[in-house]
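Okay, here's what each chain looks like letter by letter:
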Amino acid sequence: MSEEKFGRAPTISYRLLPPLFGVTVFLSAALLFLVEPMIAKMMLPLLGGSAAVWNTCMVFFQAALLAGYAFAYAGSRWLPWRVLLVVQCCVAALPVVTGVLPLTLPHGWTPPLQTTPIPWILAMLAVAVGLPFFVLSSSGPMLQRWFAASGHRGAADPYFLYAASNAGSLAGLFAYPLLLEPLLRISNQSRLWSFVYLVFAALTTLCAVLCWNRPQRQGTSDSYSGSARTSITWARRLRWIALAFIPSSLMLGVTTAMTADVPAIPLFWIVPLALYLLSFVLVFARRQIIAPETFNRRLPILILCGLLPGMLQTKLPLPALLGLYSILLFGIAMVCHGELAATRPSVHGLTEFYLLLSVGGVLGGIFNSIIAPLAFHSVLEFPIALIFAALLRRTAEPEEHKKPGRLPDGVKDWLLPLVLGAASATGFLALRFVNEKLALLMSIFVFSFAAASCLSFGKRPVRFGLGLAALFAASFLYVGPFGQILHTERSFFGVYRVSNERTDRFRYFLHGGTVHGVQSLNPARRRTPLAYYTAGGPAGQMLEAMQSRTPNASIAVVGLGAGAMACLTDPGSTITYYEIDPLVVRIAKDPHYFTFLQDCAPRAGYKIGDARLRLQEAQDSSYNMIVLDAFSGDSIPMHLLTREAMALYLNKLAPGGVLAFHVTNLYLDLSPVLGNLASEAHLASWSEDDSSISPQESSEGKFASHWIVMARSENDLASLVHEQHSTAPWVPTPRSPHSRVWTDDYSNLLSVIRWR
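All values derive from a computational prediction rather than experimental measurement.

K.L.:
Kindly report on helix H22 (residues 671-680), identifying the contributing residues and their values.
P.N.:
Taking burial as the measure, the 10 residues of H22 include eight buried ones, the bulk of the element. On its buried side, H22 packs onto helix H21 (643-652), strand E9 (653-662), strand E10 (684-690) and strand E11 (705-711). Of the residues trailing H22, His682 is marked for its positive phi of about 60°.

This is the structure:
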């Protein structure tokens, strides 16, 4: 298309088009991916800081993206050209004229207490951010369609704008944890976002103005592209959906795995999402930096390495965990998205192509966040996605020629995995009948043999995928480090397991891979608190000192676990548990599993829901002691350790009362955080890190633990901290001059993470 045919001022408008459209698409994507962590962080305090909140938010974002793509597809196909321009500009103005901006959560909404909060989260997001998110999601494909119809010489291949869109997404994602979150309060973040949205809306209008007089001879059909129409078969459409489904599901699965033992903070949400988007940028770029085939050849070993930690029931060090799952996600995303880029249609199928990619992404989100928690008792969506990726992988390996007397390859593709599964299952069953040391050696041999055999199937995708499925199914017979599993159940907040130790001396209560309660199976010791709550440890010392000073005390415990703390209270004391997950209450109260509550606190009260919301209902000065013992996996919900949370605790604490914080943690050093909080609130604060556990104590069921106590006066803690104990001494809680006090609006979690 020549410049002269473009309009009266061809030179300026013609040259403006690529950078103008590029900047507008970049801004729309950046706004999309800035608002995702921002709105999710607003919601975390209402739902206990669970990583499932982010995954559910992602389902909404993907669904809104699908709605936007569907709108772009329908509008581009059925609306006259100028009507389409006007409609999109009006839609972009709706969030401004309807008063949705600046973004805030609707007031007065509280999550359900006894049912899954997923519908509540989706409704909340629809009201709070649905309209602007829909506008931004529709703008990407719509603007690319406008540019393709503009008459510019680059219009035949507008996919470079898709790379600009993904670059904007990455910029928005990393701007949030690195710039907005550390520097601005949530309210100021929302105002800044709203201002940039106004800029985006103005640029969208300018794009429409410049495209208003596009050459009319091209009409509203797809002939402008100059590309021949090619038929898109349903097989091709379904493969596009499947290739989009796998990385979407894996992204959420990796997010869940990464945040199982560390807090659900924006950084750990953003890393998987950024890798997912980066793969799009690389495969759709005009110059290929990394070839997808580089990962395709190594995909079998990547997938096998990703499956093994779950089958072995083991915890990796945090850097190894982050590294393994990041490489795994990026590799599979590069392979799947690389095939999408290689098979993308000409311009006439652009909006349909994006629509189908969005369908696959939404299905991945729905599978992980809605279907999996309802259908599976454990986290099966992650291995299922890996097996699906193995089955769908393309390989350029030549077909083997069948020799006389040999089975056909198609038969071997299912027969060999069946043999592998049977052999592995036999090995895992045999491990149950040998002693612990021999079982360790045998398990190494069985897993090594099974993994090597499975890897040998790598050149045949179907054989390799079925081999993975057989090996994973057989691994359910493996008795891991926590012994025989008695019960597994899943809720919105995670996977819970009850298991007996290999020697049948103890029963464990686990959330994810973290033990949250231990009870002796010896009837004579079943009232004895174990693990982090032993009578001679910090927990027992705190309860004894407080109850000796305040008989018939009123105690609030945030976080139930197996209920062991009930057996540290005097008969005259009253105890109220605040527990966010009703499933935990049901398991802890079931005498088939644990009897602490039945034996020691049959009249205990239970408040279901997030502790900060439910504690507001309590009378002021009603508790002599408040114990913060809430965990999600191995991480403590961060909204329970902020300035606002501390003000609530002090308001509910009686004169002379004590606050206690359980801060045992693999990856977080929370002492300076609480030291700063105590200092700002002018509280006395002492800490005991009882980490030196003797072999004898360990054999009796004691775990290392770290506790911090606070009170309004040093005198309120004198009987505790100045008494001689057989465990570690109580010391003043350290403070950190390099870290500010945490608030609901700010956080600086990276400074307290132990990278080990």
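K.L.:
Any details on the sheet that holds strand E1 (residues 484-491)? Residues and values, ideally.
P.N.:
Strand pairing in a sheet is mediated by backbone hydrogen bonds. Such pairs are either parallel or antiparallel. Pairing within the open sheet is antiparallel, and its four strands lie in the order E1-E2-E3-E4. Each edge of the sheet is formed by a strand with only one pairing partner; in this case those strands are E1 and strand E4 (514-520). Each neighbouring strand pair of the sheet contributes to a mean axis angle of 15°, computed without reference to strand direction.

K.L.:
Let's hear about the sheet that holds strand E12 (residues 731-732): which residues, and what values?
P.N.:
Taken together, eight strands build an open sheet; the order of strands is E7-E6-E5-E8-E9-E11-E10-E12 and the sheet is mixed. If you trace the sheet from one side to the other, it starts and ends with strand E7 (605-608) and E12, each paired once. Examined bridge by bridge, E9 and E11 share five bridges and lie antiparallel to one another. Each bridged residue has a counterpart across the sheet, and for His662 the counterpart in E11 is Trp707. Lying on the sheet, H21 is in contact with strand E8 (623-628), E9 and E11; it crosses E9 at an angle near 135°.

K.L.:
Lay out the state of the cysteines with the relevant residues and their values.
P.N.:
Scanning the model with the defined rule gives one disulfide in all. A sulfur-sulfur separation of 2.0 Å characterises the disulfide bridge that pairs Cys567 with Cys600. Taking the sign of the S-S torsion, about 85° here, the bridge from Cys567 to Cys600 comes out right-handed. Of the two residues, Cys567 sits in the loop between strand E5 (554-558) and strand E6 (574-579) while Cys600 sits in helix H19 (residues 596-600), which places them 33 residues apart along the sequence. By relative accessible area, Cys567 is classed as buried at 17%. Classification of Cys600 as partly exposed rests on a relative accessible area of 24%.

K.L.:
Kindly report on the environment of Thr104, identifying the contributing residues and their values.
P.N.:
For Thr104, the position within the fold is in the loop between helix H3 (81-97) and helix H4 (118-148). Look at Thr104 and you get partly exposed, because its relative accessible area is 49%. When the C-alpha atoms of Thr104 and Ala128 are compared, they prove to be 6.2 Å apart, with 24 residues separating the residues in sequence.

K.L.:
Kindly report on empty space enclosed by the protein, identifying the contributing residues and their values.
P.N.:
Using the criterion set out here, one finds six cavities of 30 Å³ or more in the structure. Of the voids in this model, the largest cavity is the one considered here, and its volume is about 460 Å³. Mapped by element, the contributors of at least two residues to the lining of the largest cavity are helix H1 (10-43), helix H2 (51-78), H4, helix H5 (160-183), helix H7 (234-258), helix H8 (266-284) and helix H12 (350-375). Per-element accounting of the lining of the largest cavity gives the leading share, six residues, to H4. Taken together, the residues of the lining of the largest cavity sort by class into 19 nonpolar, 10 polar and one charged. Here the second largest cavity defines a volume of roughly 390 Å³. Contributing to the lining of the second largest cavity are 27 residues, with Glu579, Ile580, Ala630, Phe631 and Ser632 lying nearest its centre. Ranked by residues supplied to the lining of the second largest cavity, first place goes to strand E3 (residues 506-511) with three residues. Its residues assigned to classes, the lining of the second largest cavity shows 15 nonpolar, eight polar and four charged.

K.L.:
Go over the nonpolar core, please, and point to the residues and values.
P.N.:
Counting residues in hydrophobic clusters, the biggest one holds 185 residues, and the most contacted among them are Trp193, Tyr197 and Ile332. Once you skip the residues sitting within four places of it in the chain, Ile332 turns out to touch Ile246, Leu250, Leu299, Ile303, Leu386 and Ala389.

K.L.:
So what's going on with helix H14 (residues 409-430)? Residues and values would help.
P.N.:
Over its 22 residues, H14 extends 31 Å from the first C-alpha to the last, a length consistent with the 32 Å expected when each residue adds 1.5 Å. Buried within H14 we find Asp409, Asp413, Pro417, Leu420, Gly421, Ser424, Ala425, Gly427 and Phe428. The arc that holds the buried residues of H14, viewed along the axis, is 165°, so those residues lie on one side. Pointing more than 90 degrees away from the buried face of H14 are the exposed residues Leu418 and Thr426.

Cut-offs and rules
Residues numbered from 1 in each chain as written. Predicted model: local features only at pLDDT ≥ 70, side-chain atom pairs only at ≥ 80, totals over all residues. Heavy atoms only, no water. Buried < 20%, exposed > 50% of the residue type's maximum accessible area, 1.4 Å probe, protein only. Helix = DSSP H or I, 4+ residues; strand = E, 2+ residues; numbered from the N terminus. Contact = heavy atoms within 4.5 Å. Pairing = 2+ DSSP bridges. Axes fitted to C-alpha atoms, helices over the stretch in contact; angles between N-to-C directions. Disulfide = S-S within 2.5 Å. 1 Å grid on protein atoms, 1.4 Å probe; cavity = no way out; pocket = protein on both sides within 12 Å on 5 of 7 lines; lining within 4 Å. Points joined across faces, edges and corners; volume = space filled by probe spheres on them. Nonpolar A, V, L, I, M, F, W, Y, C, P; charged D, E, K, R; others polar. Core = buried A, V, L, I, M, F, W, Y, C linked by side-chain atoms within 4.5 Å. Expected span 1.5 Å × (residues − 1). Arc of directions from axis to C-beta.

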